[in-house]
Amino acid sequence: MMETEAPAKRDIRKLKLDELKEFFVSQGEKPFRAQQVYEWLWKKSAKDFEQMTNLSVATRELLKNHFTINHIHVDTMQRSEDGTIKNAVRLHDGLVVESVLIPTEKRITACVSSQVGCSLGCAFCATARLKRMRNLNPDEIYDQVVAIQQQCELFFGRPLTNIVFMGMGEPLLNYSNVIAAIEKITSPQGLNMAAKRITVSTVGIAKMIRKMADDEVKFNLAVSLHSAINKTRSSMMPINDTNPLEELAEALKYWYTKRKKKVTFEYVVWKDINDSKEDALALLKFCKNVPCKVNLIEYNPIDEGRFQQASDEALQMYMDLLESNGITTRIRKSRGKDIDAACGQLANKS
Ligand code: SAH
């Protein structure tokens, strides 16, 4: 006798509220059940249908027979001496990404991943050494935030205040899922966080920056610039070959006219790569053309190779030049270096 295979169960969090309503109606149930289930799935982050205690046993069975809840699992958690926490997050198919909790006096920031691995190949970034495996789904991004929110309460007794998309992957190459995750994060039916507390960081894909502007997204934009000279930028960031600085600048000006929000440039100063006066002057010129702020970020070594942090004098030279010309500039110290949790160090080492 041939065995009949049970139909593959669908991931219930891929369904929109309307689709869930349709499902209930098709099963002869009341559509308002969908609302209840939705609340369990998102607002209450239920990991199991059994938790949905305001549903009858029969309804829970019905859901179990048709769907799965593909929840992430925090495999390991490492704590840095500075309080930073790095999570290795296992996805339902066994792949692993990393997320980071960064506490400061006033804020707690969650740094989340948007892809498994990365396809961009930035020469200074550890994640670039992992092949890009796949995009994260909206629920997988959302779950990273929920897990960190729980850690905030548990370890710090304070709420999560900010989210940055600066973990593994390029958020604008997984645009629709990132947008769907942010919609849930900001919705009263989800985490109800303000969009202005969320920052999406991109390598600088001009077309997608224009799309974000057209979509009137409410979150903040950061661009990993690292050089305002095409030749130098292309030598470490392959994306610059197809998205040169002139196109990036035009897209960012468009963003500003539409959104009226300054972009933040992330910029590492490296010894003998971009630490000369000429490099700083090029950045100043770029910044005068595009309304922006600048974060000079500390380099987190990933090996003994080509990249080394520039001297304090070089940083100060950048700082003085930019500030004296009215460009708001901050020097950002690294966090979580001892556990490889800092920018560019996420590489699933454990
Ligand atoms: N793909 C996105 C987000 C991930 S990278 C982007 O490119 O912006 C997050 C930030 O860390 C980027 O600004 C990136 O340039 C920076 N970064 C990467 N490697 C780094 C390293 N080794 N030290 C310091 N910053 C690094």
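Conventions and cut-offs
- Residues numbered from 1 in each chain as written.
- Predicted model: local features only at pLDDT ≥ 70, side-chain atom pairs only at ≥ 80, totals over all residues.
- Heavy atoms only, no water.
- Core = buried A, V, L, I, M, F, W, Y, C linked by side-chain atoms within 4.5 Å.
- Buried < 20%, exposed > 50% of the residue type's maximum accessible area, 1.4 Å probe, protein only.
- Helix = DSSP H or I, 4+ residues; strand = E, 2+ residues; numbered from the N terminus.
- Domains from an automatic or database assignment.
- Contact = heavy atoms within 4.5 Å.
- Salt bridge = Lys/Arg side-chain N within 4 Å of Asp/Glu carboxyl O.
- Arc of directions from axis to C-beta.
- Patch = residues over 30% accessible without salt bridge, like charges linked within 9 Å, V, L, I, M, F, W, Y side chains within 5 Å.
- Areas by Shrake-Rupley, 256 points an atom, 1.4 Å probe, with all protein chains shown as cover.
- Lys, Arg positive; Asp, Glu negative; His and termini not counted.
- Charge placed at Lys NZ, Arg CZ, Asp CG, Glu CD.
- Pairing = 2+ DSSP bridges.
- Axes fitted to C-alpha atoms, helices over the stretch in contact; angles between N-to-C directions.
- Parallel < 35°, antiparallel > 145°, perpendicular 65-115°, else oblique.
- Left-handed = near helix turned anticlockwise from the far one by under 90°.
- Near = heavy atom within 4 Å.
- Polar contact = N/O pair within 3.5 Å; in protein donor to acceptor, adjacent residues only side chain to side chain.
- Nonpolar A, V, L, I, M, F, W, Y, C, P; charged D, E, K, R; others polar.
- Expected span 1.5 Å × (residues − 1).
- Buried area = accessible area lost by both parts, 1.4 Å probe.

1. Observations concerning the nonpolar core
Formed by 115 residues in total, the largest nonpolar core has its most connected members in Met52, Leu63 and Phe265. No other element matches helix H4 (residues 138-156), which puts seven residues into this core. Both domains that furnish three or more residues to this core are identified here as domain 1 (10-68) and domain 2 (73-339). With residues up to four places along the chain from it excluded, the contact list for phenylalanine 265 reads Val223, Leu225, Leu252, Phe286, Cys287, Val290, Cys292, Lys293, Val294 and Asn295.

2. Here's the deal with the pattern of salt bridges
For the structure shown, the criterion picks out 17 salt bridges. In this structure, the salt-bridge partner of glutamate 39 is lysine 44, at a minimum N-O distance of 3.9 Å. On the basis of relative accessible area, glutamate 39 is assigned to the partly exposed category, the value being 35%. On the basis of relative accessibility, which here comes to 40%, the residue lysine 44 falls in the partly exposed class. The residue lysine 64 makes a salt bridge to glutamate 61 at a minimum N-O spacing of 3.1 Å.

3. What about helix H1 (residues 17-26)?
Residues that lie three or four places apart on an α-helix share one face, since the helix turns once every 3.6 residues. Of the residues making up H1, those classed as buried are Leu20, Phe23 and Phe24. Angularly, the buried residues of H1 cover 95° about the axis, an arc narrow enough to put them on a single face. Away from its buried face by more than 90 degrees, H1 exposes Asp18, Glu22 and Ser26. Against the buried residues of H1 lie helix H2 (32-41), helix H3 (57-66) and strand E2 (67-68). Downstream of H1 by a residue or two, glycine 28 has a phi angle that is positive, lying close to 75°.

4. Considerations on a positive patch on the surface
On the surface, a cluster of positive charge is contributed by Arg107, Lys196, Arg197, Lys262, Lys293, Arg330 and Arg332. Inspection of the secondary structure puts arginine 330 in strand E14 (residues 329-332).

5. A word on the sheet that holds strand E4 (residues 85-90)
Pairing in this open sheet of 10 strands is mixed, and the strands run E3-E4-E5-E6-E9-E10-E11-E12-E13-E14 from one edge to the other. Strand pairing shows two members of the sheet lacking a second neighbour, strand E3 (73-79) and E14, which therefore form its edges. The mean inter-strand angle of the sheet, taken between neighbouring strand axes irrespective of direction, is 20°. Strands strand E11 (220-224) and strand E12 (263-267) of the sheet are contacted by helix H9 (residues 245-259), whose axis makes an angle of about 170° with E11.

6. Overview of the side chain of histidine 71
On the secondary structure map, histidine 71 appears in the loop between E2 and E3. Beyond its immediate sequence surroundings of up to four residues, histidine 71 is in contact with Arg13, Ser45, Ala46, Lys47 and Asp143.

7. Focus: the packing of H4 against helix H5 (residues 175-186)
In contact at an axis separation of 8 Å, H4 and H5 are set at 45° when each is read in the N-to-C sense. Classified by the angle their axes make, H4 and H5 are oblique. Seen along the crossing, H4 lies across H5 with a hand that is right-handed. Where H4 approaches H5, its residues Pro138, Ile141, Tyr142 and Val145 are matched on the opposing element by Asn177, Val178, Ala180, Ala181, Lys184 and Ile185.

8. Examining the site of the ligand
Looking at the ligand, there are 20 residues lining it, with Ser201, Ser224, His226, Glu266 and Asn300 nearest. The contact in question runs from a nitrogen atom of the ligand to an N or O atom on the side chain of glutamate 170, over 3.0 Å. Taking serine 201, its side chain carries an N or O atom lying 2.6 Å from an oxygen atom of the ligand. Against a free-state accessible area of 530 Å², the protein chains account for coverage of 96% of the ligand. Tallied by class, residues from the shell around the ligand come to nine nonpolar, eight polar and three charged.

9. Considering the side chain of serine 227
With respect to the helices and strands, serine 227 occurs in the loop between E11 and helix H7 (230-236). Look at serine 227 and you get buried, because its relative accessible area is 1%. Engagement of the side chain of serine 227 in a polar contact is seen with the backbone nitrogen of isoleucine 229, the distance being 3.1 Å. Setting aside residues up to four positions removed in sequence, serine 227 forms contacts with Thr232, Arg233, Met236, Leu245 and Tyr267.

10. What to know about helix H11 (residues 312-324)
Taking 1.5 Å of rise per residue, the 13 residues of H11 would be expected to cover 18 Å, and the 18 Å separating its terminal C-alpha atoms lies within 8% of that figure. Of all the positions in H11, only Ala314, Leu315, Tyr318, Met319, Leu321 and Leu322 are classed as buried. Looking at the buried residues of H11, the elements they touch are E12, helix H10 (277-289), strand E13 (292-297) and E14.

11. Some thoughts on the domain arrangement of the chain
Annotation of the chain at the domain level lists domain 1 (10-68) and domain 2 (73-339). Relative to domain 2, the C-alpha centre of domain 1 lies at a distance of 35 Å. Each partner contributes residues to the interface: domain 1 has eight residues there, and domain 2 has nine residues. For the pairing of domain 1 and domain 2, the buried interface totals around 820 Å² over both sides, and the portion due to carbon and sulfur atoms is 49%. In terms of surface lost to domain 2, no three residues of domain 1 exceed Arg13, Trp42 and Lys43, which account for 62% of the buried area on that side.

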